[in-house]
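Remarks on the overall topology
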Amino acid sequence: MKSTNNKPDSGSNDEKKPASESGTVSTANFIREIIKNEIQDGKLNGKIITRFPPEPNGYLHIGHAKAICINFGLAREFQGECHLRFDDTNPSKEETEYIEAIKRDVKWLGFEWGEHLYYASGYFEQMYLWAIELIKAGKAYVDDLTAEKIREYRGTLTEAGKESPYRNRSVEENLDLFKRMRNGEFPDGSRVLRAKIDMAHPNMNMRDPVMYRIMNAAHHRTGTEWKIYPMYDWAHGLEDSIENVTHSLCSLEFEDHRPLYDWFLEQLNIHHPRQIEFARLNLTYTVMSKRKLLQLVKGGYVSGWDDPRMPTLSGFRRRGYTPEAIRSFCERIGVAKRDSIVDYALLEHCLREDLNKRALRAMAVLNPIKIVIENYPSDKVEYLEAVNNPEDETAGKRMVPFSKIIYIEQADFMEEPPKKFFRLAPGREVRLRYAYFITCNEVIKDPDTGNIVELRCIYDPQTRGGWAPDGRSPKATIHWVSAQHAIDAEVRLYGQLFSKEDPDDAPDGDFLSNLNQKSLEILSGCKLEPDLKKAMPGNRYQFERIGYFCVDNDSSPQKLIFNRTATLRDEWAKIAKKAKEKR
RNA sequence: UGGGGCGUCGACAAGUGGCAAGUCACGAGGUUUUGGUCCUCGCAUUCGGAGGUUCGAAUCCUUCCGCCCCAGCCA
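Rules behind the numbers
Residues numbered from 1 in each chain as written. Chains lettered and ligands numbered in written order. Predicted model: local features only at pLDDT ≥ 70, side-chain atom pairs only at ≥ 80, totals over all residues. Heavy atoms only, no water. Axes fitted to C-alpha atoms, helices over the stretch in contact; angles between N-to-C directions. Helix = DSSP H or I, 4+ residues; strand = E, 2+ residues; numbered from the N terminus. Parallel < 35°, antiparallel > 145°, perpendicular 65-115°, else oblique. Left-handed = near helix turned anticlockwise from the far one by under 90°. Contact = heavy atoms within 4.5 Å. Nonpolar A, V, L, I, M, F, W, Y, C, P; charged D, E, K, R; others polar. Pairing = 2+ DSSP bridges. Core = buried A, V, L, I, M, F, W, Y, C linked by side-chain atoms within 4.5 Å. Buried < 20%, exposed > 50% of the residue type's maximum accessible area, 1.4 Å probe, protein only. Domains from an automatic or database assignment.

1. Side note on the packing of helix H4 (residues 124-136) against helix H6 (residues 171-182)
Contact geometry of H4 with H6 gives a least axis separation of 9 Å together with a crossing angle of 160°. Here H4 is positioned roughly antiparallel relative to H6, judged by the angle of their axes. Considering the relative orientation of H4 and H6, their crossing is right-handed. Contact residues: Glu125, Tyr128, Ala131, Ile132, Ile135 and Lys136 in H4; Val171, Asn174, Leu175, Phe178, Lys179 and Arg182 in H6. Tallied by class, residues from the contact of H4 with H6 come to seven nonpolar, one polar and four charged.

2. Here's the deal with the pairing of strand S23 (residues 540-543)
Across three bridges, the pairing between strand S10 (residues 360-362) and S23 is parallel. If you follow Ala362 over to S23, its bridge partner there is Phe543. Sheet analysis places S23 next to strand S24 (residues 547-551), joined by four bridges and oriented antiparallel. Within S24, the position partnered with Phe543 by the bridge is Gly547. Here S23 hands over to S24 after three residues, with Arg545 in that stretch at a positive phi of 70°.

3. Looking at the sheet that holds S23
Backbone-to-backbone hydrogen bonds pair the strands of a sheet. The strands run either parallel or antiparallel. The strand order S10-S23-S24-S25-S21-S22-S11 describes an open sheet built from seven strands, whose pairing is mixed. The sheet is open, and its two borders are formed by S10 and strand S11 (364-365), each paired with just one other strand. In this sheet, strand S25 (residues 561-567) lies alongside S24 in antiparallel orientation, the contact comprising five bridges. Looking across to S25, one finds that Phe549 is bridged to Arg564. Sheet strands touched by helix H12 (residues 344-358): S10, S23, S24 and S25. Its angle to S25, the strand with the most contacts, is close to 120°.

4. Topic: the nonpolar core
Core analysis: the biggest nonpolar cluster contains 52 residues, and Ile62, Val106, Ile326 and Phe329 have the highest contact counts within it. Every element with two or more residues in this core is listed here: helix H1 (30-40), helix H2 (62-77), strand S2 (81-86), helix H3 (96-109), strand S9 (274-278), helix H10 (313-319), helix H11 (323-333) and H12. Take this core: its biggest share by element is nine residues, from H2. No fewer than three residues from each of domain 1 (17-127 + 231-341) and domain 2 (359-583) sit in this core. Excluding residues within four positions of it along the chain, Ile62 makes contact with Leu281, Leu283, Met288, Pro311, Leu313, Phe316, Ile326, Phe329 and Leu347. Grouped together as the second largest cluster of nonpolar side chains are 36 residues, Tyr123, Val142, Trp226 and Leu260 included.

Written out as structure tokens, the structure is:
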């Protein structure tokens with residue numbers, strides 16, 4: 001940050017104030033600046049009102065989280081309000097199931113709309129009245145052209161369109177026809193109501209856009225009351241206006257709809273919110289379009305909208321992500337107008353940052369290998385003290401049982417260790433976390449397959465708790481679980497759903513061909529420390545030295561199931577990878 | 001070759017005429033009973049290119065180049 005010395009009028013102290021998330025700082029963004037300036041100039045009498053207007057035709061994804069954080073976040077920051085409004089203007093695509101899911105997800109993310117829950121369909125009557133007003137003013141007309149003809153008459157990007165032969169009907173005829181459209185006297189698609197603007201306008205959106213179409217479909221809220229439904233461009237500004245929205249924040253592709261947004265509000269001379277556009281979120285290794293997400297669900301490529309590999313909020317929730325991590329991510333990526341693709345690593349960083357501080361630690365062996373400690377009494381059990389979270393003293397301590405036979409991770413032993421491998425190997429001593437130093441004596445293999453079935457070790461009784469009286473300290477500390485006390489669990493290892501940074505980078509844009517075949521690996525017979533018996537669905541843990549895991553919804557006391565939320569950063573994996581690349 | 005936007009480090013992103021913030025990633029060290037965390041250091045003589053204005057330009061002007069969006073009775 002620049003020095004602000006000797007600049008009494010500098011506002012830069014406000015530029016970086018702590019955000020709602022501890023540890024993150026909000027940087028300037030152009031929308032925040034606009035609002036700040038408007039307040040300063042006294043343009044905003046009263047509070048700001050924003051809105052998050054999802055169409056209930058799919059589940060919310062991380063891209064929506066950005067929009068939610070911007071809209072609800074700005075409202076919170078400036079002591080305004082943010083409305084949750086369902087933009088339910090197309091009954092053929094929308095379902096109640098989605099409404100409930102959307103509400104749940106917004107709440108989960110940590111935002112409240114209070115009494116400000118609205119539906120576009122709640123404004124249908126008012127919109128209808130305003131349409132009549134436009135017709136009376138000679139600014140809207142009923143068109144009998146077919147959809148194909150309308151397209152034809154619209155012209156192209158480089159050629160002007162031509163006017164419909166129905167464009168100059170009398171106000172009376174338009175009024176009559178429009179009322180009869182509403183009454184259901186005409187079949188679907190036979191007529192539309194159009195704004196009368198300019199068929200030669202360089203902006204295609206201004207070439208007499210359709211305001212209403214006839215649809216004989218049951219609406220999830222209004223039933224069969226309506227036979228005509230408003231189009232987005234006509235409806236959206238009206239919805240914002242009715243709710244006294246001050247800032248209508250939307251994504252970039254609506255930029256050239258803004259003249260139309262403004263035009264309707266001007267013609268009607270009603271409250272006129274300001275539309276501001278920002279770039280939507282793109283993430284590496286992720287598809288974000290509703291169509292593609294729906295395709296993944298319907299095609300059975302994932303287990304559902306809440307599959308932990310999905311970028312949906314319900315997917316992230318099930319995966320073990322915290323709302324705090326997602327909010328912190330949304331603050332860090334900023335708000336701007338340029339198209340961008342955010343590195344997935346940033347999201348993972350936000351997750352780890354949050355979970356590192358909060359998740360209880362536990363020891364879990366995912367791929368067990370048995371160790372017999374030869375010099376440890378076979379009937380002895382010791383309870384050793386372990387720290388629950390080194391980042392949080394208040395998390396306390398627990399006692400972990402230790403005995404003659406334990407499991408360690410297969411990856412923590414190598415018969416012929418390469419140069420920088422510090423873990424267990426024949427003749428080498430390592431520390432068992434919170435327990436003892438052990439040295440490997442013997443490797444026992446299956447005579448037929450040659451696979452290692454068991455390791456024979458001896459322990460040093462002088463090193464209880466992990467400290468040696470002579471001060472020596474092994475290079476590696478590994479985790480373990482006592483065999484007789486271990487509980488079994490299934491662990492689901494999730495990775496990226498797509499194997500390419502840009503899933504759409506495929507011949508014919510077939511993103512499905514970039515599906516990562518190894519995005520899910522299911523491990524059974526994993527050995528967990530007994531303390532994990534009490535874990536309930538949704539609980540998150542750090543399995544030490546492995547990663548963050550949470551109990552899946554499918555889990556039960558009879559069958560524990562954990563999902564891997566994210567791995568820990570892994571220095572050794574990097575070294576091993578580099579060595580492999582060298583070869 | 002119509003209209004609307006956008007080009008600042010590998011990825012995000014501040015910067016609004018006074019001499020290129022921050023974060024992630026990456027690299028090098030240190031601490032460590034998690035190869036985790038944490039700490040330190042490094043990482044754009046240059047802002048899509050070329051001209052110009054100016055004492056001074058990422059910021060202003062000209063011009064060129066590149067990328068995104070728009071021809072649903074979807075939102």
